[in-house]
Amino acid sequence: MSALRNSIRTGFFGRAFAVLGAANAVSAAVGAGRRPRANDLTKLGIDPATFGQVSR
């Protein structure tokens, strides 16, 4: 059973949930006026170094 769990975790569904979780975390951080974690930005394909240069 652990092989099935590992394939789900590293497969399409695992990556999809990771991206959705990162999007939720970044959205909550921006909504609260905080800087999002670099790991979450990287999962979304956003360069953490240039994120602070984006203006509203």
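What counts and what doesn't
- Residues numbered from 1 in each chain as written.
- Predicted model: local features only at pLDDT ≥ 70, side-chain atom pairs only at ≥ 80, totals over all residues.
- Heavy atoms only, no water.
- Helix = DSSP H or I, 4+ residues; strand = E, 2+ residues; numbered from the N terminus.
- Buried < 20%, exposed > 50% of the residue type's maximum accessible area, 1.4 Å probe, protein only.
- pLDDT = per-residue confidence, 0-100.
- Phe/Tyr/Trp six-rings, centres within 6.5 Å; stacked < 30°, edge-to-face > 60°.
- Expected span 1.5 Å × (residues − 1).
- Arc of directions from axis to C-beta.

Participant: Explain the overall build of the chain here, please?
Facilitator: Secondary structure summary: the chain contains four helices and zero strands in total. Secondary structure elements in the chain, listed N-terminal to C-terminal, are α-α-α-α. Counting across all 56 residues of the chain, residues that qualify as buried make up 14%.

Participant: Would you mind going over the side chain of D40 with me for this structure?
Facilitator: Along the chain, the position of D40 falls in helix α3 (residues 38–43). For D40, a relative accessible area of 5% gives the class buried.

Participant: How should I be thinking about the confidence of the model for the chain in this particular structure?
Facilitator: Detailed reading of the predicted coordinates is not advisable wherever pLDDT is low. This prediction gives the chain a mean pLDDT of 87; 86% of its residues lie at or above 70. Averaged pLDDT values over the elements of the chain bottom out at 69 in helix α1 (residues 2–10) and peak at 96 in α3.

Participant: Honestly, the packing of aromatic side chains in this entry has me stumped. Any pointers?
Facilitator: Each aromatic ring pair is described using two quantities: the centre-to-centre distance and the angle formed by the ring planes. Using the criterion set out here, one finds one aromatic pair in the structure. Geometrically, the ring pair formed by F12 and F13 is edge-to-face, given 5.5 Å between the ring centres and 70° between the ring planes. By relative accessible area, F12 is classed as exposed at 58%.

Participant: Quick question: what am I supposed to make of helix α2 (residues 12–31) here?
Facilitator: Since the α-helix turns once every 3.6 residues, residues separated by three or four places project in the same direction. Taking 1.5 Å as the rise per residue, α2 with 20 residues should run 28 Å; its terminal C-alpha atoms sit 28 Å apart, in good agreement. If you check which residues of α2 are buried, you get G14, A22, V26 and A29. Across the axial projection of α2, the buried residues extend over an arc of 100°, all falling on one side. Exposed side of α2, more than 90 degrees from the buried face: F12, F13, F17, L20, N24 and G31 are the residues found there. In the segment just after α2, G33 is the residue with positive phi, at about 80°.

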